[in-house]
Amino acid sequence: MIWVVVKIGRNKPERQHHVPKVYLRNFVAEDNSIAVCDVRRGKIFTTGLEAVGVEKNFYTLDKLDDPYCWEKFYAIGIEPFMAETFSQFCSKCNLFVPNRTPVIDAELKSALALIMTVQFFRGKHCRKYEWNIYKRELPSVERKVRKIRGRLTSEEEDFFQKFKQDDFFFKRSAMEVSTDPKRMIQFTEFLVRRQFVVYRILGEGEFITSDQPVMFTNFWTGNVKPFTNGLIKPETIIYYPLTPKLLTCAFHPDSMFSKFGKRDGTLIDLDAKAENGFLHSVNKKQSEQCYSQVYSRSEETLQSLFGKRR
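An account of the accompanying structure is given in this report. (Residues numbered from 1 in each chain as written. Predicted model: local features only at pLDDT ≥ 70, side-chain atom pairs only at ≥ 80, totals over all residues. Heavy atoms only, no water.)

1. Considerations on the overall build of the protein chain
Note the following rule: Each helix is a run of H or I in the DSSP string that is no shorter than four residues. Each strand is a run of E no shorter than two, and both are numbered from the N terminus. We compute the radius of gyration from the C-alpha atoms alone; for a globule the expected value is 2.2 Å times N to the 0.38, where N is the number of residues. Three labels apply to residues, based on accessible area from a 1.4 Å probe with only protein chains included: buried if under 20% of the type maximum, exposed if over 50%, partly exposed otherwise in between. Two residues qualify as a contact provided that any one of their heavy atoms is within 4.5 Å of a heavy atom in the partner residue. Under the convention used here, a 1.4 Å probe and the Shrake-Rupley method define accessible areas, while residue burial counts only the protein chains that appear. In summary, the charge assignment counts Lys and Arg as positive and Asp and Glu as negative, without counting His or the chain termini. By convention, charge coordinates are those of NZ in Lys, CZ in Arg, CG in Asp, or CD in Glu.
Scanning the protein chain for helices and strands turns up ten helices and eleven strands. Since a compact globule built from 310 residues should have a radius of gyration of about 19 Å, the 21 Å found for the protein chain is in line with a globular shape. Projected onto its principal axes, the C-alpha coordinates of the protein chain cover approximately 70 × 45 × 40 Å. Going through the 310 residues of the protein chain one by one, you find that 50% of them count as buried. Nonlocal contacts in the protein chain, meaning residues at least 24 apart in sequence, comprise 78% of its contacts between residues at least 6 apart. In the structure as shown, the protein chain presents an accessible area of about 15900 Å², 52% of it carried by carbon and sulfur atoms. Here the protein chain contributes 49 positively and 38 negatively charged side chains, and the mean placements of these two sets differ by 3 Å.

2. Re the pairing of strand β9 (residues 246-251)
Which entries qualify depends on this criterion: Should DSSP find at least two bridges between two strands, the strands are taken to pair.
Most of β9 is tucked away: six of the six residues are buried. Taking every second residue as pointing to the same face, both faces of β9 are buried, with L246, T248 and A250 on one and L247, C249 and F251 on the other. As defined by bridge partners, strand β5 (residues 195-202) adjoins β9 across six bridges and the pair is classed as antiparallel. Note that in β9 the partner of V197 across the bridge is C249. Of the strand pairs in this sheet, strand β8 (residues 236-243) and β9 are connected by five bridges, and their pairing is antiparallel. If you follow T243 over to β9, its bridge partner there is L246.

3. Describing the packing of helix α4 (residues 124-149) against helix α6 (residues 167-178)
Heads up, the rule is: With axes taken as lines fitted to C-alpha atoms, and helix axes fitted only over the stretch in contact, angles between N-to-C directions fall between 0 and 180 degrees. Note on terminology: angles under 35 degrees are roughly parallel, angles over 145 are roughly antiparallel, angles of 65 to 115 are roughly perpendicular, and the others are oblique. Crossing chirality is assigned from the near helix's rotation relative to the far helix, an anticlockwise turn below a right angle marking it left-handed and a clockwise turn marking it right-handed.
Packing of α4 against α6 leaves a shortest axis separation of 10 Å and a crossing angle of 120°. Relative to α6, the element α4 is oriented oblique. Taken as a pair, α4 and α6 cross one another with a handedness that is right-handed. Note on element contacts: α6 touches α4 through F169, F170, K171, S173, A174, V177 and S178, opposite R127, E130, W131 and Y134.

4. Remarks on the nonpolar core
Here is the rule we go by: Here the nonpolar core consists of buried residues drawn from Ala, Val, Leu, Ile, Met, Phe, Trp, Tyr and Cys, with membership extended through side-chain atoms lying within 4.5 Å.
Within the largest apolar cluster, 55 residues are counted, with the highest numbers of intra-cluster contacts made by I34, F89 and Y240. With nine residues, the single largest contributor to this core is helix α3 (residues 106-122). In this view, F89 contacts I104, L108, L112, V198, L242, L246 and T248; residues no more than four positions away in its chain are not counted. With 16 residues, the next largest nonpolar core counts I201, M215, V224 and Y239 among its residues.

5. Things to note about the pairing of strand β7 (residues 215-218)
Residues of β7 alternate between two faces, with M215 and T217 on one and F216 and N218 on the opposite face, all of them buried. Where β7 meets β8, four bridges bridge the pair, whose relative direction is antiparallel. Looking at β8, one finds that T217 is bridged to I237.

6. Overview of the pattern of salt bridges
This is how the line gets drawn: Any Lys or Arg side-chain nitrogen found within 4 Å of a carboxyl oxygen on Asp or Glu counts as a salt bridge.
Scanning all chains against the criterion turns up 16 salt bridges. Salt-bridge contacts for E55 lead to K124; the nearest nitrogen and oxygen are separated by 2.7 Å. In this pair, E55 is assigned in strand β4 (residues 54-56) and K124 in helix α4, connecting sequence segments 69 residues apart. A residue is classified by how much of its surface remains accessible, and E55, at 29% relative accessible area, is partly exposed. Here the salt bridges share partners, and the residues they tie into one network are E142, R146, E157 and K164.

So this is what it looks like as C-alpha cells:
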C-alpha cells in the first residue's frame, strides 16, 4: 500500500467520487458522455462523468485539521497509480495481441489486485455494511464503557451521546478500516493467489460496469450479493470490467475453471454473437449487485439489457 502525506490547502473537494473518474473514463463515448441506468428508478439517460459515482462529502471528516484527507488519499495516493496501471493493461490487450497470449505478469497482477481491493472497500456497499456493524456493536461498546468507567461525569455523558449521534465518529472509524494498510495488503495477497484471465470481446457486444464494479459471484448459485461470497472460497469468481471490451476475472486455483486450462494471466477472446449468453449474464449480474446505478458506453447496450426506459 502506498501512503502519502497530504498538505492542508484551500481546495475543498466536496464532490467526491466513490467510483473514480480515472476508471469511469474507460467507459465514456466519443462525446465524453456516459450512459446510465438508475436501477432503482428504472431510468436510462446519458450524462457527464462529474454526475456519476459521486456524493457530496462522502469522505469528508469535518472535525479533522484537514477534513479532506480521506478524499485526497484516494485522489493523490491511489488514482494516479490506477491511471498508469489501466494504460499498461490496455496496451497489452490491444487488438493486435493474439488470442491466448499471456498479458498479465506478476507486477501487473499485483497492481490490479490492489486496485480491485481498494475499490471494493471505498464504495457505498461497503459503507452501508460498516454502518450496520457499527450500529450493531455500539450498544455493546456502551455497556463495556459504563462497566469500566462506572458512573460517568456530565461531560463524559455528553461526549458519549455525541459519539452515538454524530456521523463523524462512524466515518472516522470507516476511514481507519477502509485505508488500513495491513487489511488492504491481506486482501490483496489473497486476490493475487487467484488465477487472473482477461476476456476480450470481438464484435459488437459490450461489458457494462456499475457503482460497485468489483463483483463477487458464486458460480454454482449465481448469488452476487455483496459480502456473501468469500474471497477464499473456490466457487467465488471475482469480475472487474476494465473497458467495454475487457473484463478481468479472478478464479480460485482449485476451481473447475483452473482445471479446464485457463492459464493465469492469459487473454481469451469472446465472439460477441457466439458468447452472447455469457455477456448478458455477466452484465445482468453487474446490475443485480450494484448499489443503484450501472454504466455503459452506449444507451443501446443498457436498453438491450433493461428495455427502453426514460
